[in-house]
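Here's the letter readout for the chains.
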Amino acid sequence: MTITNAMRLPRELTIYTVGETQHALTTWIASLGDRATVWPLDASGVEEADAAGVQLLLSLSRSASAAGARLKLEAPSAALCRASHQLGIAPIVLGTLDHESTV
């Protein structure tokens, strides 16, 4: 599934990849410009996620809010939903990121 204008999250969203992913997200956000009101992320390809990956998304959501925008998580994978549930923060992660969890 390809989401138009959305940045595609990597297959692995873990402690081993958050640094690189954060850099890519920062570059992408800068390319959106100051007038962007939605930061869409395609999360359909995330096959592995852990606490560090979920924390990165929470931080990005706060950054979006501070910039007058909102983070929109589109098509979150089962792995990302599962990690959020296992951490006990699915309502925060999936709700804050404009997605209703079905898991």
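Up top is the structure these notes are about.
These notes cover the structure that comes with them. What you see is a predicted model; the values in this text were computed from it and never measured. (Residues numbered from 1 in each chain as written. Predicted model: local features only at pLDDT ≥ 70, side-chain atom pairs only at ≥ 80, totals over all residues. Heavy atoms only, no water.)

Looking now at the overall build of the protein. In terms of regular secondary structure, the protein is built from four helices and five strands. Shown N-terminal to C-terminal, the secondary structure of the protein runs as helices and strands in the order β-β-α-β-β-α-β-α-α. Relative to its 103 residues, the protein shows a buried fraction of 44%. Within the protein, residue pairs in contact and separated by at least 24 positions form 75% of the contacts whose partners lie at least 6 positions apart. About 5800 Å² of surface is accessible on the protein, with carbon and sulfur atoms providing 50% of the total. (Helix = DSSP H or I, 4+ residues; strand = E, 2+ residues; numbered from the N terminus. Buried < 20%, exposed > 50% of the residue type's maximum accessible area, 1.4 Å probe, protein only. Contact = heavy atoms within 4.5 Å. Areas by Shrake-Rupley, 256 points an atom, 1.4 Å probe, with all protein chains shown as cover.)

Turning next to the sheet that holds strand β1 (residues 7-8). With parallel pairing, the three strands of this open sheet are ordered in space as β1-β3-β5. Sheet topology places β1 and β5 (70-74) at the edges, where each strand pairs with a single neighbour. With two bridges connecting them, β1 and strand β3 (residues 38-42) associate as parallel partners. Looking at β3, one finds that methionine 7 is bridged to leucine 41. Running over the sheet, helix α1 (residues 18-32) touches β1 and β3 and is turned about 140° from β3. (Pairing = 2+ DSSP bridges. Axes fitted to C-alpha atoms, helices over the stretch in contact; angles between N-to-C directions.)

Okay, helix α2 (residues 51-66) next. Taking 1.5 Å as the rise per residue, α2 with 16 residues should run 22 Å; its terminal C-alpha atoms sit 23 Å apart, in good agreement. Considered for burial, the residues of α2 that qualify are Ala52, Gly53, Val54, Leu56, Leu57, Leu58, Leu60, Ser61 and Ala64. N-cap assignment for α2: the residue whose side-chain oxygen lies 3.0 Å from the backbone N of alanine 52 is aspartate 50. (Expected span 1.5 Å × (residues − 1). Polar contact = N/O pair within 3.5 Å; in protein donor to acceptor, adjacent residues only side chain to side chain.)

You can see serine 84 is positioned in helix α3 (residues 78-86). Its relative accessible area of 0% is what places serine 84 among the buried residues. One polar contact links the side chain of serine 84 to the main-chain carbonyl oxygen of leucine 80, over a distance of 3.1 Å.

Outside of glycine, negative phi angles account for most residues, and trans bonds account for most peptide bonds. Even without being glycine, alanine 75 reaches a positive phi, approximately 55°. A relative accessible area of 27% means that alanine 75 is categorised as partly exposed.

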